[in-house]
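Inside the fold
Each chain, letter by letter, is given below.
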Amino acid sequence: MALEALSGLDFSRWTEPPPSNDMRGMLEGWLRYQRHEFLRKLRDLTPEGLAQWSIPPVELSVLGLVRHMTQEEHVFLAWGLSGGERVDHYGTDDYAGGSVDTIDEDLALYFAEVERSDRAIA
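As a starting point, this report considers the structure included with it.

**Observations regarding the nonpolar core**
By size, the foremost hydrophobic cluster in this structure holds 13 residues, and its most contacted members are Leu42, Val66 and Leu107. If you list the elements that add at least two residues to this core, you get α1 (23-40), α2 (47-51), α3 (62-82) and α4 (103-121). With 4 residues, α4 is the single largest residue contributor to this core. Once you skip the residues sitting within four places of it in the chain, Val66 turns out to touch Phe38, Leu42, Asp106, Leu107 and Tyr110.

Pasting the structure below:
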């Protein structure tokens, strides 16, 4: 994949975290696992494939899922745990939109929200 934001990432297959009574450890382990597996789905897509609608006329693409997960990280973790101002990065329809021209920006925003989420959890 030629996307700069994904270069250097580990795309190996991970196993699910084992059950534990440590709730914080389980939360952090499952978040790491789910985020990793989500990004693995992007690894072989071209920029065009990332932005292509899967079933036109439904405005859903893998990039739309990235945008949606950015909003979910923000609402449920970064803003949800630490407060501050809620931001709707993409308006009310985060699945729609995005293009080959916005991929780098969308991925950068996703990674920034993951970092904010991790700080909120800490």
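**Brief notes about the environment of Thr70**
Inspection of the secondary structure puts Thr70 in helix α3. Distance from Thr70 to Val114, taken between C-alpha atoms, is 7.7 Å for residues 44 residues apart in sequence. Looking at Thr70, its side chain comes within polar contact range of the main-chain oxygen of Val66, at 2.9 Å.

**Points about the pattern of salt bridges**
When the charged atoms of two side chains with opposite charge come close together, those side chains can pair. Summed over the entire model, instances satisfying the criterion amount to 9 salt bridges. The closest approach of N and O atoms between Glu28 and Arg24, which form a salt bridge, is 4.0 Å. Here Glu28 and its partner Arg24 are both found in helix α1, 4 residues apart, which amounts to about one turn of the helix. Using a relative accessible area of 28% as the deciding quantity, one classes Glu28 as partly exposed. The class of Arg24 is partly exposed, set by a relative accessible area of 41%. Residues participating in the shared-partner salt-bridge network are Arg35, Glu73 and Asp118.

Procedures and definitions
Residues numbered from 1 in each chain as written. Predicted model: local features only at pLDDT ≥ 70, side-chain atom pairs only at ≥ 80, totals over all residues. Heavy atoms only, no water. Core = buried A, V, L, I, M, F, W, Y, C linked by side-chain atoms within 4.5 Å. Buried < 20%, exposed > 50% of the residue type's maximum accessible area, 1.4 Å probe, protein only. Helix = DSSP H or I, 4+ residues; strand = E, 2+ residues; numbered from the N terminus. Contact = heavy atoms within 4.5 Å. Polar contact = N/O pair within 3.5 Å; in protein donor to acceptor, adjacent residues only side chain to side chain. Salt bridge = Lys/Arg side-chain N within 4 Å of Asp/Glu carboxyl O.

Nothing here speaks to function; it is all geometry.
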